[in-house]
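What follows is each chain in one-letter form.
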Amino acid sequence: MFACLYLPDLPAEAALIQQPDLRAHPCAVVADEGRPGDPKAPLLAVNSIAAQRGIRAGESSIRARVQCPALRFLTRNPDVEHLLQSTLLALAESLAPDFECTGADTFLIDLAGARPPGTWNPPLQRLRLALAETPDLAHLAAMVESPFSGKALTLADFDPLPLEILPMADAPGCTSFLPVLRLWGLRTLGDFRHLPRQDIAERLGGEAIRWHDILHAKNRRLLRLHRSVESYVQIVHFEFPVESLESLIFQANRMLQTLCARLESSHRAAGGIRFELTLESNDRVGRKVNLPEPLASPAALLRTLHVVFEALQLPSAIMDLELELEPVRRLAAQREWLGRQLPQPGRWPDTLARLEALLGPGRIGIPQPEDSHRPDAFRLLPASGGTTVTRAGRTFMAAPLPLRRFRPPLEVAVAGTGQGFHLRPQALLTGPHAGLISKLRGPFPFSGDWWNPETAWRRVDWDIGMESGHLLRLVHLPAGRWQLDGAYA
Amino acid sequence: MPNPTLAKLQQQLREKFPTARHGLSPTASDARRPDFDLRNPDPFPRGGITEIVPTHPAAGLSLVVASIMAHESAHTPVPELALIDGRDQFDPASFSAEDCSKLLWLRCQTPEQAIRAADLILRDGNLPRVVLDLFAFSSSELGKIPNSSWHRIKQSIELNNSSLIALTPRALIPCALIRLSLSSHFALDQLSSTRPELIEQLQTIPVLLRKCAQ
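Residues numbered from 1 in each chain as written. Chains lettered and ligands numbered in written order. Predicted model: local features only at pLDDT ≥ 70, side-chain atom pairs only at ≥ 80, totals over all residues. Heavy atoms only, no water.

## Some points on empty space enclosed by the protein
With the rule as written, the count across this model stands at one cavity of 30 Å³ or more. There is about 100 Å³ of room inside the largest cavity. What lines the largest cavity is P402(A), L403(A), R404(A), S62(B), V65(B), L83(B), D85(B), Q89(B), F90(B), D91(B), F95(B) and D133(B). Taken together, the elements giving at least two residues each to the lining of the largest cavity come down to β14 (403–412) of chain A together with α3 (61–71) and β2 (81–85) of chain B. Taken together, the residues of the lining of the largest cavity sort by class into six nonpolar, two polar and four charged. (1 Å grid on protein atoms, 1.4 Å probe; cavity = no way out; pocket = protein on both sides within 12 Å on 5 of 7 lines; lining within 4 Å. Points joined across faces, edges and corners; volume = space filled by probe spheres on them. Helix = DSSP H or I, 4+ residues; strand = E, 2+ residues; numbered from the N terminus. Nonpolar A, V, L, I, M, F, W, Y, C, P; charged D, E, K, R; others polar.)

Written out as structure tokens, the structure is:
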């Protein structure tokens with residue numbers, strides 16, 4: 001059995017909620033695209049009184065005004081419409097888990113395995129509920145205003161209904177077979193239902209056959225089931241401020257159990273964890289940990305969170321904890337058979353997640369130098385493997401003795417001979433390696449991105465040997481700035 | 001002049017636990033044992049900590065890392081070598097893309113982070129070789145690392161039969177299996193040589209060799 005929830009003229013109902021005194025008058029809602037006062041703007045919906053006076057949705061405003069001079073025009077209220085839709089959705093969810101959101105004002109509910117409602121107390125005055133054997137019959141039944149009987153309508157119950165309730169009757173531009181039926185003198189669904197099927201196929205075509213089958217309950221289509229978006233967020237407000245790590249971990253464990261169960265039920269895994277702590281001082285501390293490989297195990301996720309929580313130094317106790325898991329698809333890849341494999345592949349994603357939590361985002365990976373002379377140009381590839389590593393990308397290499405790069409570079413003052421960019425350094429005046437320069441290699445001028453004024457860069461490198469034995473890379477930048485980029489050690 | 005009480009105590013301990021410590025080389029002649037060569041494909045013993053201490057600011061400590069990277073296999077799904085970079089000083093631009101692809105780089109900021117990262121990665125046991133670079137830290141910063149941390153790391157290494165190569169500014173690790181003194185001294189003129197030539201010139205002196213159980 002199927003049920004249909006239908007709220008007729010939802011935009012008009014939404015507009016009238018804020019102006020209840022207009023309910024006794026014929027009212028119409030003008031479509032959004034119509035400019036205010038535009039006589040050609042079409043009507044989006046009309047209330048029941050306007051419908052009784054022959055006003056139909058889709059008519060132009062000016063025509064409706066001529067037809068019914070007392071017609072009141074209302075503006076659309078999207079917020080209240082959304083509220084009404086949410087009410088309908090909640091009502092549908094309370095009846096059965098499987099339902100289709102057929103339109104903004106219509107829900108078709110599969111009552112298989114659920115108890116059909118015996119009584120009907122609609123939360124909204126014009127809300128209709130109809131029961132029938134098939135979804136389309138239930139939809140048709142809801143088109144007609146009739147008291148709820150608590151039983152599914154039989155095929156015979158549809159016979160006295162007028163042909164005009166068929167949905168294609170109002171569809172503009174649709175090639176309807178209704179005019180032909182009217183020409184034949186047919187007025188009710190029963191008249192149409194009792195016509196021979198073969199003759200209908202020959203004379204009226206496939207659309208008429210479809211409706212004929214629907215009225216005989218032969219057509220039971222599948223519902224396009226509505227699934228609400230799963231939330232992977234949990235917030236806990238502590239009754240007493242939390243001061244110890246153990247309490248925080250205990251609560252996080254409970255939350256992760258719930259969130260991971262939700263992930264499991266949707267066959268997903270967590271690609272990242274985001275947490276936010278609200279402190280007693282009203283400050284908020286949050287961080288997102290990207291997991292190198294999707295995980296769905298609460299224990300593994302808790303170990304990662306444990307590492308992050310341990311490193312936190314908070315100025316006051318914790319009042320709220322918010323946890324969010326980022327749902328991603330699980331990885332499915334066949335292992336390599338011929339190459340060397342990790343001895344403990346199950347541990348590796350967990351370890352990487354904990355290292356990421358310890359070091360922070362972007363601090364662990366496989367380095368790839370960029371094919372550029374720009375200083376410190378590199379990118380980090382994911383450490384979890386599976387990424388194609390470019391092994392022949394870089395065509396040049398820096399000095400044979402690898403540099404130990406200072407991040408950030410050390411600003412120094414330099415004494416030297418010469419002018420401007422051609423200054424030849426002789427001594428470092430400041431910094432941890434201040435002293436006379438005993439040996440010098442250079443200059444090595446570099447520049448790049450000169451075609452883009454915002455990212456253009458220019459520098460002159462010097463390799464210097466200090467009397468202390470240190471070998472350093474000294475860089476002369478525009479505007480007379482000097483910095484130590486690193487040491488050859 | 002050795003302390004006679006200490007010498008007597010050592011003698012008693014040696015008699016009571018004859019297999020506890022083998023090959024401890026307190027004398028300079030014993031220290032210069034020639035059974036360690038950095039140019040070997042896998043010179044660092046499994047199941048123990050190798051500590052490398054440079055004697056000069058430009059002793060070529062980065063060349064040791066380059067030498068290890070050069071011997072790594074490139075055909076693995078995940079790099080087999082991890083570099084725990086204590087103060088984030090590794091420069092990918094100083095290496096080829098192929099060498100970099102053999103390396104898992106962990107960019108730390110403090111000695112505590114570096115030790116915790118080493119502990120995590122060694123307990124994981126998936127990577128056979130780990131380089132822990134603590135060279136950029138001062139003695140006072142490194143002095144805050146408790147000795148128990150090193151023993152804990154040593155236990156993880158023995159359990160997983162992996163190897164840890166620690167680069168330190170001074171002798172630091174109490175339970176190191178091998179301590180090497182890197183005595184080479186590179187000058188500015190040598191920056192025009194090739195990297196293999198510089199690696200050939202690396203000089204290591206073992207100052208501490210314990211018998212390793214391979």
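## Concerning the packing of aromatic side chains
Enumeration over the complete set of coordinates arrives at seven aromatic pairs over all chains. Measuring from centroid to centroid gives 5.1 Å for F275(A) and F309(A), while their planes differ by 80°, and the two rings are edge-to-face. Residue F275(A) is found in strand β9 (residues 268–279), and its partner F309(A) is found in helix α12 (residues 298–311); the two are separated by 34 residues along the sequence. Across this residue pair, the class does not change: F275(A) and F309(A) are buried. Grouped by ring-pair contacts, the aromatic residues F378(A), F90(B), F95(B) and W105(B) constitute a single cluster. Above the face of the W105(B) ring, R107(B) is positioned so that its terminal group lies 4.8 Å from the ring centre. (Phe/Tyr/Trp six-rings, centres within 6.5 Å; stacked < 30°, edge-to-face > 60°. Buried < 20%, exposed > 50% of the residue type's maximum accessible area, 1.4 Å probe, protein only. Lys NZ or Arg CZ within 6 Å of the ring centre and 35° of its normal.)

## Comments concerning unusual backbone geometry
All names here are of chain A. Cis rather than trans, the peptide bond between R407 and P408 has omega equal to 0°. You can see P408 is positioned in strand β14. Cis geometry marks the peptide bond from G442 to P443, where omega comes out at 0°. Its location among the elements puts P443 in strand β17 (residues 435–448). Of note, N282 is a non-glycine position whose phi angle comes to about 70°, a positive value. Among the secondary structure elements, N282 is positioned in the loop between β9 and β10 (284–295). The class of N282 is exposed, set by a relative accessible area of 66%.

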